[in-house]
Amino acid sequence: VRCFPVDMLHEKSVEDAQSSLCVTKIGTSSIHLGNSLMLKDETLATTQRVFCRVSTPTSASAAFTEQERKKFLEFHHSADIFPQLERFEAKLPDSKNSVLSVKVGPQHINFANHVDHAFLAETAHHALYLMNKDSDNIVINYFGQPFLGDSLQCFAQGDKIFITRTDDDTGESTLIVIAK
């Protein structure tokens with residue numbers, strides 16, 4: 001994410017800001033959404049998210065109906081304005097080199113008792129900074145959900161940060177985020 005220094009933001013007008021959300025791809029049971037945040041002609045940030053539809057009772061993939069697909073296509077735009085999604089292999093790091101540990105507090109919880117993704121992105125960005133891998137862009141893949149009270153560990157491996165949570169009862173680690 002690229003940000004303006006605060007003093008420069010005061011010089012900009014809210015009328016110059018623009019955000020666009022669009023459907024970039026529709027799968028059998030998944031929908032890919034893209035969003036861009038612009039200030040005048042400059043792109044400040046782009047995000048892409050993939051949502052997978054599952055059946056509530058079975059947790060198995062649930063296909064969209066043809067009518068739902070047609071409705072989604074009304075919001076379809078070219079994905080050319082978005083960078084290619086970089087997907088990381090969902091596996092725990094080999095490294096045990098912890099660079100940062102944080103505890104999930106009530107301030108990190110949003111609606112439905114869900115840990116806010118902005119908190120996880122901020123944690124990953126800080127860990128990358130501690131590794132001297134700070135940059136204007138960050139790629140994040142979300143794999144799991146932490147919970148209130150969890151201790152999260154950030155492990156450095158190569159040019160990536162792996163954020164894990166450890167189950168207090170079993171001691172088992174679960175992958176939450178990989179960031180680069």
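Residues numbered from 1 in each chain as written. Predicted model: local features only at pLDDT ≥ 70, side-chain atom pairs only at ≥ 80, totals over all residues. Heavy atoms only, no water.

1. Overview of the overall build of the protein
From N to C terminus, the protein includes 3 helices and 10 strands. Tracing the protein from N to C terminus, the helices and strands come up as α-β-β-β-α-β-β-β-α-β-β-β-β. Every one of the 180 residues in the protein was classed for burial, and the buried ones make up 29%. Pairs at least 24 residues apart make up 57% of the contacts formed inside the protein by residues separated by at least 6 positions. Split by element, the accessible area of the protein, about 11,800 Å² in all, is 52% carbon and sulfur. (Helix = DSSP H or I, 4+ residues; strand = E, 2+ residues; numbered from the N terminus. Buried < 20%, exposed > 50% of the residue type's maximum accessible area, 1.4 Å probe, protein only. Contact = heavy atoms within 4.5 Å. Areas by Shrake-Rupley, 256 points an atom, 1.4 Å probe, with all protein chains shown as cover.)

2. Re the nonpolar core
Phe119, Leu120, Leu152, Cys154, Ile161, Ile163 and Val177 are the most contacted members of the largest nonpolar core, which has 18 residues in total. Listed by contribution, the elements that provide at least two residues to this core are strand 4 (98-103), helix 3 (117-130), strand 8 (151-157), strand 9 (160-166) and strand 10 (173-179). Element by element, the count of residues in this core is highest for helix 3, at 5 residues. Residues in contact with Phe119, not counting those within four places in the same chain, are Val102, Lys103, Val104, His108 and Leu152. Judged by nonpolar contacts, the second largest core, of 5 residues, contains Phe88, Phe162, Leu175 and Ile178. (Core = buried A, V, L, I, M, F, W, Y, C linked by side-chain atoms within 4.5 Å.)

3. Points about the pairing of strand 9
When a strand is regular, its side chains alternate between the sheet's two faces. Where burial is concerned, most of strand 9 is hidden: 5 out of the 7 residues are buried. Note that strand 8 and strand 9 share 6 bridges and pair antiparallel. For Cys154, the partnering residue across the bridge sits in strand 9 and is Ile163. Counting the residues that bridge the hairpin from strand 8 to strand 9 gives 2 residues, and of these Gly158 lies at a positive phi of roughly 60°. (Pairing = 2+ DSSP bridges.)

4. Some points on the sheet that holds strand 8
Judged by pairing direction, the sheet is antiparallel, and its 5 strands sit side by side in the order 4-8-9-10-7 without closing on themselves. With one partner strand each, in any of the chains shown, strand 4 and strand 7 (140-142) form the two edges of the open sheet. Direction aside, the axes of adjacent strands within the sheet are offset by 25° on average. The sheet strands contacting helix 3 are strand 4, strand 7, strand 8, strand 9 and strand 10, and the helix crosses strand 4 at an angle near 150°. (Axes fitted to C-alpha atoms, helices over the stretch in contact; angles between N-to-C directions.)

5. Topic: the side chain of Thr123
If you trace the backbone, Thr123 turns up in helix 3. According to the relative accessible area criterion, Thr123 is buried, its value standing at 5%. When residues no more than four places from it in sequence are discounted, the contact partners of Thr123 are Leu100, Val102, Cys154 and Ile163.

6. So, the packing of aromatic side chains
The tally for this structure, following the rule as stated, stands at 1 aromatic pair. With a centroid separation of 5.0 Å and 75° between ring planes, the pair formed by Phe64 and Phe72 is classed as edge-to-face. (Phe/Tyr/Trp six-rings, centres within 6.5 Å; stacked < 30°, edge-to-face > 60°.)

7. Some thoughts on the confidence of the model for the protein
Residue-level pLDDT values for the protein average 79, and 85% of them are 70 or greater. Segment residues 1-7 is flagged for pLDDT under 50; beyond a separation of four residues in sequence, or across chains, it makes 13 contacts in the model. (pLDDT = per-residue confidence, 0-100.)

8. Quick look at the pairing of strand 10
Of all 7 residues in strand 10, 5 are buried, a share of seventy percent or more. Two elements, strand 7 and strand 10, share 3 bridges in a ladder whose sense is antiparallel. Directly across from Tyr142, in strand 10, lies its bridge partner Val177. Bridging between strand 9 and strand 10 involves 6 bridges; their strand directions are antiparallel.

9. Digging into helix 3
Side chains of residues three or four places apart in an α-helix project in the same direction, reflecting 3.6 residues per turn. If you check helix 3, its first and last C-alpha atoms are 20 Å apart, about what 14 residues at 1.5 Å a residue would give, namely 20 Å. Restricting attention to buried positions, one finds in helix 3 the residues His117, Phe119, Leu120, Ala121, Thr123, Ala124, Ala127 and Leu128. Of the residues flanking the start of helix 3, the one acting as N-cap is Asp116, its side-chain oxygen 3.2 Å from the backbone nitrogen of Ala118. Downstream of helix 3 by a residue or two, Asn132 has a phi angle that is positive, lying close to 65°. (Expected span 1.5 Å × (residues − 1). Polar contact = N/O pair within 3.5 Å; in protein donor to acceptor, adjacent residues only side chain to side chain.)

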